[in-house]
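Here is how the chains run, residue by residue.
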Amino acid sequence: MAPLTQAEEQALIQKVLHRLEGSSYACSALTKLSGGTANFLYRGDLIQPLGSGAAETVIVKVSTDYVAINRDFPLDITRCDFENSMLKALDGFSRTISTPSGDTAVQVPRIYFFDPEMRIQILEYFHETIDLTTVLQSPSVNLTLPRLSPALMGYALGSWLRLFHNWASEPAQKALIAKVGSNLGMRKLKCLITYGSFIEILERHPELIEGHRDTLRTVKEAMTREFEQVPSEDEEDDETRGLIHGDFWGGNVLLSNETWQDDQGANKLFIIDWENVQFGHRAIDIGGILADLYERYHFKGISASLQVMEGFIQGYGWLSEELAFGVAIHAGVHLICWYYRRNRNAPLPYPLPVVLAALTTGRDLILKGWAKDKRWLRNSILGSLFALFAHGNIA
């Protein structure tokens, strides 16, 4: 990988500061934030607050035609145009989710300003927050998410995603779907790093794919066609497809640094990074977050992650047969593609049997989801999802 040199990034920072001079978003300094891989992310200290009692700090997000951590990896720069349009349409999209412990507010960042020439976004900054993946992998996870908190937080997250999917399918959003649904560059990339990669990964361990190649290739072809789907006139009646976040995983879910209140509410979640928004199969959002959460358990033994999974499934609620089996397939693909999300030039970070077990689980989710094997799936890592349908919701 070839990131910018320190001098090159300092030059970029100065260019951004100069660009913002004289505007309402002029900053005295930009401080680099961790977590950004595709874009350059900074905390901007505003010279003047945006208004009485308003923000003094913002997120400054700079997009380029390459990945921020690797300039040799090209990336469609129009992604920030789609994110800008989506965030304007959402305008915060704050929703309050009722859970047994009280209300949880879930929202997305507001976009204050977008410079289409330098591809600079000025976004709402959420103070004292941390992403869900970091929380789960922290030694203090049981302090941040005590007792029933992981399941309750997962419930709020799943409920919010259902609300977002439903909102995005309303007739009032047809123009929005037409505007941001195509996002061709990110649709192609999502397809490449999932369905375009999982068979190649399994081929590295031939014993995992022997006897299954034909079926897996059929799945790849069918799901690749999903990324070519376009909205239909009756899209609001399609429970499986619509606008999706497109990169829904724990790293894009923020929560407060403070201990989750599982007995009095007053909790908050924030959903960030909308540049992958696209028209697609909702299994990509649902299966993606579930597989991501399972990874934390499989590789690191984080039991709280399983509780978040269970809460999420209950919060999202009923799924159609097509969507449920699609979730199994995408969760399997996402789990397998962990293999390429790590540093490929480094040795395997876990013992080979542990890695092979993850790849096998992913493969079996794909095969059983494609075969619509409800009995097997009810005893899988997605068992509670299919248990929801044991009494007739899925025949």
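Here's what I pulled together on the structure shown here. Predicted, not measured: the structure shown is a model, and the values here were computed from it.

Overall, antiparallel pairing links the five strands, which are arranged β1-β2-β3-β9-β8 in an open sheet. A single partner strand is all that each edge strand has here, and the edge strands are β1 (27-32) and β8 (111-115). Adjacent strand axes in the sheet meet at a mean angle of 25° when their direction is disregarded. Of the pairings in the sheet, the one linking strand β2 (residues 40-46) to strand β3 (residues 57-62) comprises six bridges and is antiparallel in character. Bridging from a neighbouring strand, R43 pairs with I59 of β3. Each of β1, β2, β3, β8 and β9 (120-124) is contacted by helix α1 (residues 6-20), which is oriented at about 145° to β1, the strand it contacts most. The strands touched by helix α2 (residues 79-90) are β3, β8 and β9; relative to β8, the strand with the most contacts, the crossing angle is about 150°.

Right, let's talk about α2 for a bit. An ideal rise of 1.5 Å per residue puts 16 Å on twelve residues; α2 measures up with 17 Å between its terminal C-alpha atoms. Counting buried positions over the twelve residues of α2 gives nine, a clear majority of the element. Of the residues making up α2, those classed as buried are R79, C80, F82, E83, N84, S85, M86, L87 and L90. With its phi angle positive at about 45°, D91 sits one or two positions after the end of α2.

Bringing the side chain of N39 into the picture now. With respect to the helices and strands, N39 occurs in the loop between β1 and β2. Separated by 2.8 Å, the side chains of N39 and S63 make a polar contact. Only 2.7 Å separates the side chain of N39 from the side chain of E275, close enough to count as a polar contact. With near-sequence residues (within four places) excluded, N39 lies in contact with K61, V62, S63, A68, R79 and E275.

Attention shifts here to the nonpolar core. Ranked by internal contacts, the top residues of the largest apolar core, which has 67 residues, are M86, W160, F164 and L290. The element contributing the most residues to this core is helix α5 (residues 149-168), with nine residues. Those residues within four positions of W160 in sequence are excluded, and the remaining contacts are F93, R95, I97, V106, V108, F248, I271 and W274. If you look at the next biggest cluster of nonpolar residues, it comprises 29 residues, including C191, F198, F299 and I366.

Positive phi is not limited to glycine here, since R147 has a value of about 50°. Relative to the helices and strands, R147 is located in the loop between α4 (141-144) and α5. Its identity as a non-glycine residue notwithstanding, N183 has a phi of 30°, on the positive side. Among the secondary structure elements, N183 is positioned in the loop between α6 (174-180) and α7 (184-193). A relative accessible area of 0% means that N183 is categorised as buried.

Reading guide: rules and limits
Residues numbered from 1 in each chain as written. Predicted model: local features only at pLDDT ≥ 70, side-chain atom pairs only at ≥ 80, totals over all residues. Heavy atoms only, no water. Pairing = 2+ DSSP bridges. Helix = DSSP H or I, 4+ residues; strand = E, 2+ residues; numbered from the N terminus. Axes fitted to C-alpha atoms, helices over the stretch in contact; angles between N-to-C directions. Contact = heavy atoms within 4.5 Å. Expected span 1.5 Å × (residues − 1). Buried < 20%, exposed > 50% of the residue type's maximum accessible area, 1.4 Å probe, protein only. Polar contact = N/O pair within 3.5 Å; in protein donor to acceptor, adjacent residues only side chain to side chain. Core = buried A, V, L, I, M, F, W, Y, C linked by side-chain atoms within 4.5 Å.

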